[in-house]
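# Results of the structural survey
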Amino acid sequence: MRKAAGRYWLIDVAQNGHPYHAPLVLNESGAKMADLFLKGMDEGEMTARLSEDGGVDQTVVRGDVRDFVHSLGEYMNSGVK
Amino acid sequence: MSRTDPARMGEANVRLLAALRQSLRPRPGLSPTSLGDAVLDEAEWHEVLPLLYPVCHADRVQRAAEMNVHLFYRLLFLGKYAIRTLKGAGMQVLVLKGVSVARWYPTPELRPSSDVDLLLCDSSRLDEALRVLEDAGFVVLGEQNAHHHVALSLDGLQVELHTSLVEAFDDARINDAIRSITSGFAGRMESFSFLGMDWPCASPADQAFCLVLHALQHYLRSGFGLKILADWVIFWDRGIPEEERRAYREMCRECGILEFSEYLSSTCVAYLGMRGEQTVCDEDCALLMQDILCSGAHGKSSNARMVALRGTGLADYAREFHHQMRLNYPEASRVVPLWPALWLSTLFKFFYNNRKVRHTTLGNVLAETRERSEVSAKMHLFERGSDR
């Protein structure tokens, strides 16, 4: 993941370049979730960590994490040849 | 107003230079500020708007920076695909400028670029390389605007496959020296890792040589803008080993362009805070900076803007005219008896373009050429033994 122009860019570095797999552009909270995901945490672990860090109830965070993981899965699958 | 008067630069340009100075080497805790539309207009004209992101988060800058990041990655992976394709066919290439310079920027993704430049180490394999790239989906462009590279496109983006670093200059000895130096690039090439790939690149001295030739080519044609100076600052500020510096200076000395290199560096020290010694006087740096500010990114500031000659004498005009003839008619100009007809044709083309394409007069073109050439005359271009 890279940071540039105030955004976070999740890049498929394994791609060959053609067809091109564009980066996933994330905001601050998306980047936090991506970071935890890339460290190998599952949805439950991510929810617990974000809830603790943000001082919010897990029920608030759970839906966002689920949506994010789903989007990330779609992004990763779209790069599969 | 004297040509070296700072007021001639315009307040917007003065503020742009100050902003670039900060953004190329952002200090920790730097807070974005407002620069105003006039400054941003100038930055856009020089195609350095994305570089201002560290010091300005105006909507225009934000949009330009984001678009640049998108383009940066598209070009990066386009380059990766081209390099791997050619490597797979047993052909060595190295990256010219592009990511090999961008990696030294505080945020590489903000370095503006519009295409991928690769040097084919063995130029005798050009036809083979083009076939390999075409098989991989690249399309050789029908209209080629240069003789030192072949432009191909894929997915709307351009790769320029170079067989030499720059277009031929008007001096056969210099062109031979450049060819000789370039032929050694493959033996000195290195690689660096960036985003999961090892990128082949020239040695530091060779990279510096590429940069100075690129700047010189643009300077002599119709000028260059701040984008090239930004690369210069970034490249030299990161520090290169002393032996590489010596090798670079020797290459420049061999080609008679060491003074030009000193002018570039001194101007960057004076106006962009580059580390190093200013060896060229303030007045001459001001003249060069004036030329750069007037050029914009592609030397298109005015319809009358044309080449900078190596001097202001009749011989300099004749030399350039003959060189333009050879560029226009690369094959026919090898037949000496055809020269008078080719000179005539070049002259007609020149008058026609002035009138119909550039919508300017011969007088304006000559006046602007003379002004630009007064600066370049001081650089003693291509003269051996003129170095400091």
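Residues numbered from 1 in each chain as written. Chains lettered and ligands numbered in written order. Predicted model: local features only at pLDDT ≥ 70, side-chain atom pairs only at ≥ 80, totals over all residues. Heavy atoms only, no water.

## Things to note about the overall build of chain B
Rules: By the criteria applied, helices consist of DSSP H or I runs no shorter than four residues and strands consist of E runs no shorter than two, each listed in order from the N terminus. A 1.4 Å probe rolled over the protein chains alone gives each residue an accessible area, and that area as a share of the maximum for its type sets the label: buried under 20%, exposed over 50%, partly exposed in between. Any two residues having at least one pair of non-hydrogen atoms within 4.5 Å are treated as being in contact. Residues counted as positive are Lys and Arg, residues counted as negative are Asp and Glu, and His and the chain ends are not counted. Every charge is mapped to an atom, namely NZ of Lys, CZ of Arg, CG of Asp or CD of Glu.
Each helix and strand counted, chain B has 15 helices and seven strands in total. Here the C-alpha coordinates of chain B stretch approximately 65 × 60 × 45 Å along the principal axes. Evaluated residue by residue, chain B yields a buried proportion of 54% over its 388 residues. Across chain B, every contact between residues at least 6 apart in sequence was considered, and the portion connecting residues at least 24 apart equals 68%. Of note, chain B has its 43 positive side-chain charges centred 1 Å away from the centre of its 49 negative side-chain charges.

## Some thoughts on the state of the cysteines
Cysteine pairs can be linked by a disulfide, which is a covalent bond between their two sulfur atoms. Residue and element names in this part refer to chain B. Worth spelling out the cut-off: Cysteine sulfur atoms that pair up within 2.5 Å are treated as a disulfide.
Taken as a whole and assessed by the stated rule, the structure comprises zero disulfides over all chains. Note on cysteine 210: no disulfide assigned, nearest cysteine sulfur contributed by cysteine 201 at a separation of 10 Å. Counting only cysteine sulfurs, cysteine 255 is the nearest neighbor of cysteine 252, a cysteine outside any disulfide, at a range of 7.2 Å. Given the relative accessible area of 0%, cysteine 252 is considered buried.

## Describing the packing of helix α1 (residues 11-24) of chain B against helix α2 (residues 37-45) of chain B
All names here are of chain B. Quick reminder of the rule: Lines fitted to C-alpha atoms define the axes here, with helix axes fitted over just the stretch in contact, and angles between the N-to-C directions of these axes take values from 0 to 180 degrees. Should an angle lie under 35 degrees it is considered roughly parallel, over 145 roughly antiparallel, and from 65 to 115 roughly perpendicular; all remaining angles are considered oblique. In this count, Pro and Cys sit with the nonpolar residues alongside Ala, Val, Leu, Ile, Met, Phe, Trp and Tyr, while Asp, Glu, Lys and Arg are called charged and the others, Gly among them, polar.
Running from amino to carboxyl end, α1 crosses α2 at an angle of 70 degrees, the nearest separation of the two axes being 8 Å. Judged by the inter-axis angle, α1 sits roughly perpendicular to α2. The residues of α2 that touch α1, namely those facing Ala12, Asn13, Arg15 and Leu16, are Ala38, Val39, Glu42 and Ala43. Of the residues belonging to the contact of α1 with α2, the class tally is five nonpolar, one polar and two charged.

## Digging into the nonpolar core
The condition is simple: Here, nonpolar core refers to any group of buried Ala, Val, Leu, Ile, Met, Phe, Trp, Tyr and Cys residues whose side-chain atoms link them within 4.5 Å.
By size, the foremost hydrophobic cluster in this structure holds 127 residues, and its most contacted members are Leu52, Phe138, Leu161, Phe209, Leu226 and Phe260 of chain B. Ranked by residue count, the leading element in this core is helix α3 (residues 59-88) of chain B, at 14 residues. Excluding residues within four positions of it along the chain, phenylalanine 260 of chain B makes contact with Val212, Ala215, Leu216, Tyr219, Phe224, Met379 and Leu381 of chain B. In terms of nonpolar packing, the next biggest core, distinct from the first, is built from 15 residues, Tyr8, Ala31, Leu50 and Val69 of chain A among them.

## A word on the side chain of serine 265 of chain B
Residues and elements named next belong to chain B. For clarity, the threshold we go by: Here a polar contact is taken to be a pair of N or O atoms separated by no more than 3.5 Å, where protein atoms must pair a possible hydrogen donor with a possible acceptor and residues adjacent in sequence count only if both atoms sit in side chains.
With respect to the secondary-structure elements, serine 265 resides in helix α11 (residues 258-272). Taking relative accessible area as the criterion, serine 265 reaches 14% and is therefore assigned buried. Polar contacts involving the side chain of serine 265 include one to the side chain of tryptophan 232, which spans 3.0 Å. Not counting residues up to four positions away in its chain, the partners in contact with serine 265 are Trp232 and Met274.

## Concerning the environment of serine 123 of chain B
Residue and element names in this part refer to chain B. Its place among the elements puts serine 123 in the loop between β2 (115-120) and α5 (126-135). With relative accessibility at 38%, the residue serine 123 sits in the partly exposed group. When the C-alpha positions of serine 123 and histidine 162 are compared, they lie 8.1 Å apart, and in sequence the two are 39 residues distant.

## Some words on the domain arrangement of chain B
Residue and element names in this part refer to chain B. Operational definition: For the purposes of this description, domain bounds are those given by an automatic or database domain assignment. By definition, the buried area sums, over both parts, the 1.4 Å-probe accessible area that each loses when the two are put together.
Along its sequence, chain B is organised into domain 1 (6-295) and domain 2 (314-379). The partner domain 2 presents twelve residues to the 18 residues of domain 1 that form the contact. Of the roughly 1,400 Å² buried between domain 1 and domain 2, counting both surfaces, carbon and sulfur atoms make up 51%. When residues of domain 1 are sorted by the area they lose upon contact with domain 2, Asp170, Tyr219 and Arg221 head the list and together hold 37% of the total.

## Concerning the interface of chain B and chain A
Reports often express the size of an interface as the amount of accessible area lost when the parts come together. The condition is simple: Each salt bridge in this description consists of a side-chain nitrogen of Lys or Arg and a carboxyl oxygen of Asp or Glu lying within 4 Å of one another.
Between chain B and chain A, the residue contacts involve 21 residues of the former and 18 residues of the latter. In this assembly, chain B packs against chain A so that about 1,700 Å² is buried in total across both faces, 63% of it on carbon and sulfur atoms. Contact with chain A buries area across many residues of chain B, yet Tyr73, Phe77 and Tyr81 of chain B alone supply 31% of it, more than any other trio. Glutamate 109 of chain B is the salt-bridge partner of arginine 2 of chain A, the closest N and O atoms lying 2.7 Å from each other. Where chain B touches chain A, the interface holds eight residue pairs in polar contact (both at pLDDT 80 or more). Counted by class, the side of chain B that touches chain A contains twelve nonpolar, three polar and six charged residues.

## Let's talk about the sheet that holds strand β1 (residues 2-4) of chain A
Keep this limit in mind: Pairing between two strands requires that DSSP report at least two bridges joining them.
In spatial order, the strands read β1-β2-β3 (chain A); together these three strands make up an open sheet with antiparallel pairing. Each of the sheet's edge strands pairs with one partner strand only, and the pair in question is β1 and β3 (24-26) of chain A. Ignoring strand direction, the axes of neighbouring strands in this sheet form an average angle of 35 degrees. With three bridges connecting them, strand β2 (residues 7-10) of chain A and β3 of chain A associate as antiparallel partners. What sits directly across from tryptophan 9 of chain A, in β3 of chain A, is valine 25 of chain A. Against the sheet, α3 of chain B makes contact with β1, β2 and β3 of chain A, and its axis sits at roughly 15 degrees relative to β2 of chain A, the strand it touches most.

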